[in-house]
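# Commentary on secondary and tertiary structure
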Amino acid sequence: MRVSSEHTRWSLIMAVGLLLLGAVIVVPIATAQQQTPSPTPSPAQDDIPETIPRYSLLEFAVSVPGTYDNPYDPDQIDVQATFRSPKGETIPVPAFYLRPYALNCTGDDCESMAASPAGAPGWRVRFTPTQIGRWTFDVVARTPDDTVSLREGEFRVIESDSSGFVHTGSNPHYFAFDDGTAYFPVGENLAWALDNEGGLDAYSRWLDELSAAGANYARLNLDVPWFISLDSPGPPGDYDAAQAAAWRLDTILQMAAERGIYLQLTLIWHRGFTTEPLPSGTARPEAAISWATNPYNTANGGALDGPSSIFFDATARDLLRQRLRYIVARWGYSPNVFAWEVTDALDAISGYTASRGQPWLQDMTGYLRQIDPYRHLITVGLRQPDTALWRLPGIDFAGVQLYQGRPDEDTGDIVSDTLATLREVMGSLDKPVLLTEFSLNSTYPPIDDDPNGIHLKNVLWSAALSGSAGGGATWWWDSYVDAENLYEDFRPLAQFSQGIPWGSPDLQPVEVGLSADEAVTYTPLRIEDFNREPESISPPNTIYRLTADGPVPSTGQMSSFFYGSATPVLSRPQTFTITPPVDTELRIHVSTVSPDAPAMLTINVDGFEVARVDFSPASADILVTVPLSAGEHTVVLDNLGADWLELGYIEIADYRAPVRALALADRTVGIAVAWAQHRSYTWQNGGDAQTLGPLNFQLAFPGMPPGLYRVTYWDTATGAVIGEESVTLPEATDGTLALNLLPITSQMAVRAFRIAGPEENPTAAIGVATRTPEVSFTPSPTETATPTITLTPSITPTPTDTDTPTNTPEPTDTATNTSTPSVTPSPTVTPSPTDTDTPEPTETPSLTPSPIDTDTPSPTPSKTLTRTPTSTRTPTVAATTIPSTRVVPVP
C-alpha cells in the first residue's frame, strides 16, 4: 500500500493500534528528546518486566472469569489492583474494560484514517510508579457474590529523566512537577475536533504546531458527543458504544506526551445540562447540544427528569462517579494529564445555585481524590468568579473565563478586563489562578475584528505577568489560531517564561514606577467601586494595591462607610499601597457624614499622620487633598470621630502613564520580571506598531536587594533577546532598581536576576542569564550600569526655594488640619498646624517621608535619577466643597 508523505506520521499510531491484538505489557523508555516517557496506550509484551523507569507506564492485561451484563459498572464487577510501594504504602488502582481499536488507512493514497475494532475486548491495568525500588502488586475481582484473586507480581523501578506529575509548587500561586521543576502553562484550548474537519489528524497537526512554538498546555473536553464522550450515545453508564471515542483519547494523550504538552481534561460539559439555547447564528452549530439531547434525560431513555437533577439525584451521582472512576482508571496513569476539570462552567448548568452547587462539587472532588492515586490537580470552571467555591479544599486552582461582547458591543481594552477579572480572584484566593478561556466573543471567532492576533498577544502576556499561574488560553483554536496561523504568538512567552524561578517563595505582583524624560501626560486613577450597603463591614487586614489599572484586590469588598467610636465593631482603618510615577496629589472625596454626630478623617502616609480633618454632622461633598511624591507609599485612612463618614471616591491625579507595566518580583532574593505595553497597541487600533510613536520610559522596581543584576530585554513579537546589560544596585540607595527601557511601540519584556550580592564574586553566582542577545544593548555614555536611584525625594516645607534636598530628612511638625464644614455650599477650611505630635521641636518630617541617601557616593560614576523640585512646596491639605454627581442616601 502506498502512503502519502502527508500521512507518514500515522504509521507509528497504526503500529501502536495493531499491538492491541495480542499484547500484554508495555513499558516505554524515555528518549533523550522527551521530558517524560512516552506511554503507549496498549501492552506490547507478555510478562511483567524486571525493571521499569520511574514515571513510566506499566500496563498489563487481566483475565477475569465469569459473565456480567455491564463490565463498566463496578456494582456488577469491580476489578482492582493493589500496588505496594518500596516505602510500604498501599495504592489501589481500578482496572478497566476496553475494546481495542486501531487506525485503518482508507481511500487512494491513504486519503483518510478511520478507527475500527482490532481484537478481543478485555481488562487492563495501567499504573505509573512514582518511587524507586521494589514494588509488588495483586489484582482481585469482586462481584456481589464473590471475591476472586486474579494475579500478583513484582517489579523494580529505576530512575528516569521524567519530572513526574504536576502539583502546586512551593510558591502556592504557581505549579511545579514532582521534582520541583516549575511548570508554567502556555497554550490554548483544543476542546474537540470534527471528523469531517480532520479528527485525530487535526489533533496531530495542532499539537505539532503548539510544540514547535514551545507551548506546553492544552485544554480538552471529554464530554463532547461527536468526538470524545463516554455516556454518549448511551445508555449512560454503558461505555461499549464509546470505545472508539475512548481510544481517541488514548491516542491524543500519547501524542501530547511525545510533544511535551500537558492536558487539562474537562470531565462534564455544562452544555448537556442546560436548557439555554445557543445564540442564533453561532459559529458552532455542532455545539447546539442541550438537555434535550442528553442521554440522561428521561425523554431519551435516561433516569433524570430535569437538568438540575444532576445536583441532588442519587442516580445522577452514581452515574457520574462511575464515569470518573473509568476516566481515572484508563487515563489517570499519565503525567501529561495536568488537571481534572470537573465541569467547564458549573454556574451555567440549569438550576444552579451556590447552595446546590457547593455540596455537589464537594462530592465530586472528594470522590476524585479518593480514587486518583496520583492526586492530579482538580479545578472547576465558572462563568462568573466565585472564590467561595474555589476556596473549597477539594479545588486546587481557579479556572477563570473572560469573554467580551464583540461584535455586538463596543468593548473596551481587553487587557484592563483581563486584569480586573484575574485580580478579583487573586486578591482573595491563596491558590493558583489560571485564565482557561478568553476571547473577544464566546459565539464568534474574532477573525473580522483581529486577524493579526493583537488581543491574543496582549492577553497572553498580561495574564502571565498579572500574577496568575500561566498565560491565558484562547478559546478559538481551530477557526482562529489555526485558521490564521497564529501559533508563533505562543513562542515569545514560552521562551521568556523558561528559566524564571516560579517557585520562588516571595515572587508576587508588584507595582513599579514608570517615568519618562520627555513630557508625557499621566491620567488620573479614580477608585469608587466600594460596597455601599449600610452597615457593611470591610474584610480585616486587607492591603489594597492601587495599580494603574485598578485596585488589587477589588475594592468592591471594601465598605464605603468608615465607622467611628459609636459602632466600634464596624470600625476598621483601610490600607492602600500607592506608587505614583511622578509627584502628584491624592484626593479623597467624602460624600456624606452621619447627621447625628461628627466624624474625623485621618490620613497616614508611610507611618506619619499627614492630615486630620474634622467633619460636623450632615457634612457632604468634601474633597480632601494631600500631595504625594513619586514612588511607593503606604496610605492608611481611618475615622477617629464619633460616627460614620462615607467615601465617594479616592483619586490619584497623575497615575496612569501611556505605557502599561505589569511586574512580578521576589524582593528577598532579587528577581524582577516585567511586561511593558504601549497602551495604544490594541486590536482596535489595527495593531500597527509602526504608526505609534515610540515611548521612552524608565522602569523602577522598589525595594530590591543590593547587588549585581543581569538584565535582559525581550522582543515579545519574536521571543528574541534584544538587549542585555549588567546593573549594580549599591547598598547606599533606597533599593529602587531603575532600568531604561528600549523605545516602546508595541510591547516588550524585561528580566532582571540578581547574580551577586554587594560583596560576592559575580562569576561564582548562581542564576546568571546565559542567553546570547541578538542585539547588544549598550547604555548611552551618560547612563552607567551602576545607578544611584532616589525616586521619591523629601519635600521640605520651607519658605525658600532650593534645588537640592538635604542628605538627612529632618522631621517637622506633622500638619494636623481641622475643618468643620457646615451644610452651606462653600465651607472654608483653614489648616491649623500643631506641635502635639512633634517629638523634637527642631525636627521637621516631610509630608511624605522617604530616605535620601545622597551622602553616600556610588562606587562608580553613575546617573542619579533624583526628582528635585525647583521650588519646594509647603504641604497643604485642602478641603473644599465640590459639585457632587451623586449623594448616597444614608440611614
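### Quick word on the overall build of the protein
What the protein contains, in helices and strands, is 10 helices and 43 strands. Scored against the burial criterion, the 891 residues of the protein give a buried share of 58%. Just so you have it, the protein exposes about 34,200 Å², and 50% of that area is on carbon and sulfur atoms.

### Quick look at the pairing of strand E35 (residues 671-678)
Buried residues dominate E35, accounting for eight of its eight residues. Side chains Ile671, Val673, Trp675 and Gln677 project from E35 onto one buried face, and the interleaved Ala672, Ala674, Ala676 and His678 project onto a second face that is buried too. Where strand E34 (residues 659-666) meets E35, eight bridges bridge the pair, whose relative direction is antiparallel. Its bridge partner being in E35, leucine 662 is matched across the sheet by tryptophan 675.

### Observations concerning helix H5 (residues 354-371)
The terminal C-alpha atoms of H5 lie 26 Å apart, and with 18 residues this matches the ideal 26 Å at 1.5 Å per residue to within 8%. Taken residue by residue, H5 has Gly357, Trp360, Leu361, Met364, Thr365, Tyr367, Leu368, Arg369 and Ile371 as its buried positions. Considering only its buried residues, H5 is in contact with strand E4 (90-94), strand E16 (262-268), helix H4 (314-331), strand E17 (337-343), strand E18 (377-381) and helix H6 (387-390).

### Focus on the packing of helix H7 (residues 414-426) against helix H8 (residues 454-465)
When two helices pack together, their arrangement is given by the angle between the helix axes and the distance between those axes. It is at 9 Å that the axes of H7 and H8 come closest, and there the two elements cross at 30 degrees. When the axes of H7 and H8 are compared, the pair comes out roughly parallel. Crossing hand, H7 versus H8: right-handed. Of the residues in H8, those touching H7 at Ile414, Val415, Thr418, Leu419 and Leu422 are His455, Asn458, Val459, Ser462 and Ala463. Taken together, the residues of the contact of H7 with H8 sort by class into six nonpolar, four polar and no charged.

### Comments concerning the environment of leucine 304
By secondary structure assignment, the location of leucine 304 is in the loop between E16 and H4. Between the C-alpha atoms of leucine 304 and asparagine 294, which are 10 residues apart in sequence, the distance is 9.8 Å.

### Digging into the nonpolar core
Phe83, Phe155, Leu346 and Trp360 are the most contacted members of the largest nonpolar core, which has 155 residues in total. Of the residues forming this core, the biggest block, nine residues, is contributed by H4. If we skip the residues at most four places from it in the chain, tryptophan 360 touches Ile268, Ile310, Phe311, Leu320, Val342, Thr343 and Leu346.

### Observations regarding the pattern of salt bridges
For the structure shown, the criterion picks out 33 salt bridges. Here glutamate 154 and arginine 134 are joined by a salt bridge, their closest N and O atoms 2.9 Å apart. Of this pair, glutamate 154 sits in strand E10 (residues 147-158) while arginine 134 sits in strand E9 (residues 133-142), placing them 20 residues apart in sequence. What makes arginine 134 partly exposed here is its relative accessible area of 41%. A salt bridge links arginine 321 to aspartate 363; the shortest N-O distance between them is 2.9 Å. Placement of the pair is arginine 321 in helix H4 and aspartate 363 in helix H5, with a sequence separation of 42 residues. Overall, arginine 321 belongs to the partly exposed group, its relative accessible area being 26%.

### Digging into the pairing of strand E40 (residues 747-756)
Here E40 lies mainly inside the structure; nine of its 10 residues are buried. Two strands pair when backbone bridges link them, and E35 and E40 are joined in this way by seven bridges, in the antiparallel orientation. Bridge pairing in E40 places glutamine 677 opposite glutamine 747. Relative to E40, strand E37 (residues 707-714) runs antiparallel, the two sharing seven bridges. Within E40, the residue paired with tyrosine 709 across the bridge is arginine 754.

### Looking at the sheet that holds strand E5 (residues 96-98)
Overall, antiparallel pairing links the three strands, which are arranged E2-E8-E5 in an open sheet. Every other strand in the sheet has two partners, leaving strand E2 (58-62) and E5 as the edge strands with one partner each. Mean inter-strand twist for the sheet, computed between neighbouring axes without regard to direction, equals 40 degrees. Note that E2 and strand E8 (residues 122-127) share five bridges and pair antiparallel. Bridged to alanine 61 within E8 is arginine 124. Helix-sheet contacts for H4 involve E5 and E8, and the interaxial angle to E5 is about 80 degrees.

### Quick notes on the sheet that holds strand E11 (residues 166-168)
Taken in spatial order, the three strands of this open sheet run E11-E12-E13, and their pairing is antiparallel. Of all the strands in the sheet, the pair left with one neighbour each is E11 and strand E13 (182-183). In this structure, strand E12 (residues 175-177) lies alongside E13, joined through two bridges in antiparallel fashion. Across the sheet, residue phenylalanine 175 finds its bridge partner in E13, namely tyrosine 183.

### Here we look at the confidence of the model for the protein
Per-residue confidence for the protein averages 81 on the pLDDT scale, and 78% of its residues sit at or above 70. Ignoring residues within four places in sequence, the model shows residues 763-891, a span with pLDDT below 50, making 255 contacts including any to other chains.

### A closer look at the side chain of serine 594
The topology assignment puts serine 594 in the loop between strand E28 (584-593) and strand E29 (599-605). Leaving out residues up to four positions away in the same chain, serine 594 has contacts with Pro617, Ala618, Asp643 and Trp644.

### Quick word on the environment of leucine 645
Topologically, leucine 645 is positioned in strand E33 (residues 645-656). Overall, leucine 645 belongs to the buried group, its relative accessible area being 0%. With 44 residues separating them along the chain, leucine 645 and leucine 601 place their C-alpha atoms 8.2 Å apart. Beyond its immediate chain neighbours, meaning those up to four positions away, leucine 645 contacts Ser560, Phe561, Phe562, Val590, Thr592, Val593, Ala599, Met600, Leu601, Phe615 and Asn639.

### Looking at unusual backbone geometry
Residues apart from glycine generally show negative phi values, whereas peptide bonds are mostly found in trans. The step from serine 232 to proline 233 runs through a cis peptide bond, and the omega angle for that step is 5 degrees. Inspection of the secondary structure assignment puts proline 233 in the loop between strand E15 (217-221) and helix H3 (243-259). Residue proline 407 follows arginine 406 across a cis peptide bond; omega there is -5 degrees. Of note, proline 407 is situated in the loop between strand E19 (397-403) and H7. The phi torsion at asparagine 485 lies on the positive side, around 50 degrees, for a residue other than glycine. For asparagine 485, the location among the structural elements is in the loop between helix H9 (477-482) and helix H10 (491-497).

### A look at the packing of aromatic side chains
Taken as a whole and judged by the stated rule, the model has 45 aromatic pairs. Ring plane angle 5 degrees and centroid distance 6.3 Å describe the contact between tryptophan 135 and phenylalanine 155, whose orientation is recorded as stacked. Of this pair, tryptophan 135 sits in strand E9 while phenylalanine 155 is found in strand E10, placing the two residues 20 residues apart along the sequence. Just as tryptophan 135 is buried, phenylalanine 155 falls in that class too. The interplanar angle of 85 degrees and the centroid separation of 5.9 Å between the aromatic rings of phenylalanine 311 and tryptophan 360 together place this pair among those described as edge-to-face. Of the two residues, phenylalanine 311 is situated in the loop between E16 and H4 and tryptophan 360 in helix H5; the sequence distance between them amounts to 49 residues. Pairwise contacts between aromatic rings join Tyr55, Phe60, Phe83, Phe127, Trp135, Phe137, Phe155, Phe165 and Tyr374 into one cluster. The ring of tyrosine 649 carries the charged tip of arginine 526 above its face, separated from the ring centre by 3.7 Å. Cation over ring: arginine 751 sits above phenylalanine 496, and NZ or CZ is 5.7 Å from the ring centre.

### Examining helix H2 (residues 199-212)
Counted at 1.5 Å a residue, the expected span for H2 with its 14 residues is 20 Å, and the 20 Å between its end C-alpha atoms agrees. Among all positions of H2, only Gly199, Leu200, Ala202, Tyr203, Ser204, Trp206, Leu207 and Leu210 are buried. Positive phi appears at glycine 214, one or two residues downstream of H2, with a value of about 90 degrees.

Rules used in this analysis
All residue numbers here refer to positions counted from 1 along the written sequence of the relevant chain. In keeping with the model being predicted, local features are shown solely for residues with a pLDDT of at least 70 and side-chain atom pairs are shown and tallied solely at 80 or more, while totals for entire chains, interfaces and linings include all residues. Side-chain measures were taken over the full set of non-hydrogen atoms in the model, leaving aside hydrogen atoms and water. Helix and strand definitions here come from DSSP, where helices need a minimum of 4 consecutive H or I residues and strands a minimum of 2 consecutive E residues; each element is numbered from the N-terminal end. Buried residues are those whose accessible area, probed at 1.4 Å on protein chains only, stays under 20% of the maximum for their type, while exposed residues exceed 50% and partly exposed ones sit between those limits. Each accessible area is a Shrake-Rupley estimate made with a 1.4 Å probe; only the visible protein chains count as cover when residues are assessed. Any two strands with at least two DSSP-identified bridges between them are counted as paired. Here the expected span of a helix is defined as 1.5 Å times the quantity of residues minus one. What makes two residues a contact is simply this: any of their non-hydrogen atoms within 4.5 Å. Note on geometry: axes are lines fitted to C-alpha atoms, helical ones only across the stretch in contact, with angles between N-to-C directions running from 0 to 180 degrees. Each angle gets one of four labels, with under 35 degrees taken as roughly parallel, over 145 as roughly antiparallel, 65 to 115 as roughly perpendicular, and the rest as oblique. Definitions for this section: a left-handed crossing has its near helix turned counterclockwise from the far helix by less than a right angle. A right-handed crossing has that turn clockwise. Residues were grouped as follows: Ala, Val, Leu, Ile, Met, Phe, Trp, Tyr, Cys and Pro as nonpolar; Asp, Glu, Lys and Arg as charged; and all remaining residues, including Gly, as polar. We define the nonpolar core as a collection of buried residues of types Ala, Val, Leu, Ile, Met, Phe, Trp, Tyr and Cys that are connected through side-chain atoms lying within 4.5 Å of one another. Salt-bridge detection follows one rule: a side-chain nitrogen of Lys or Arg within 4 Å of a carboxyl oxygen of Asp or Glu. A residue's pLDDT is simply how confident the predictor is in it, with values from 0 to 100. Think of it this way: a Phe, Tyr or Trp ring, Trp meaning its six-membered ring, pairs with another when their centres are within 6.5 Å, and the plane angle makes it stacked under 30 degrees, edge-to-face over 60, tilted otherwise. Note on geometry: a ring has a charge over it if NZ (lysine) or CZ (arginine) is within 6 Å of the ring centre and within 35 degrees of the ring normal.

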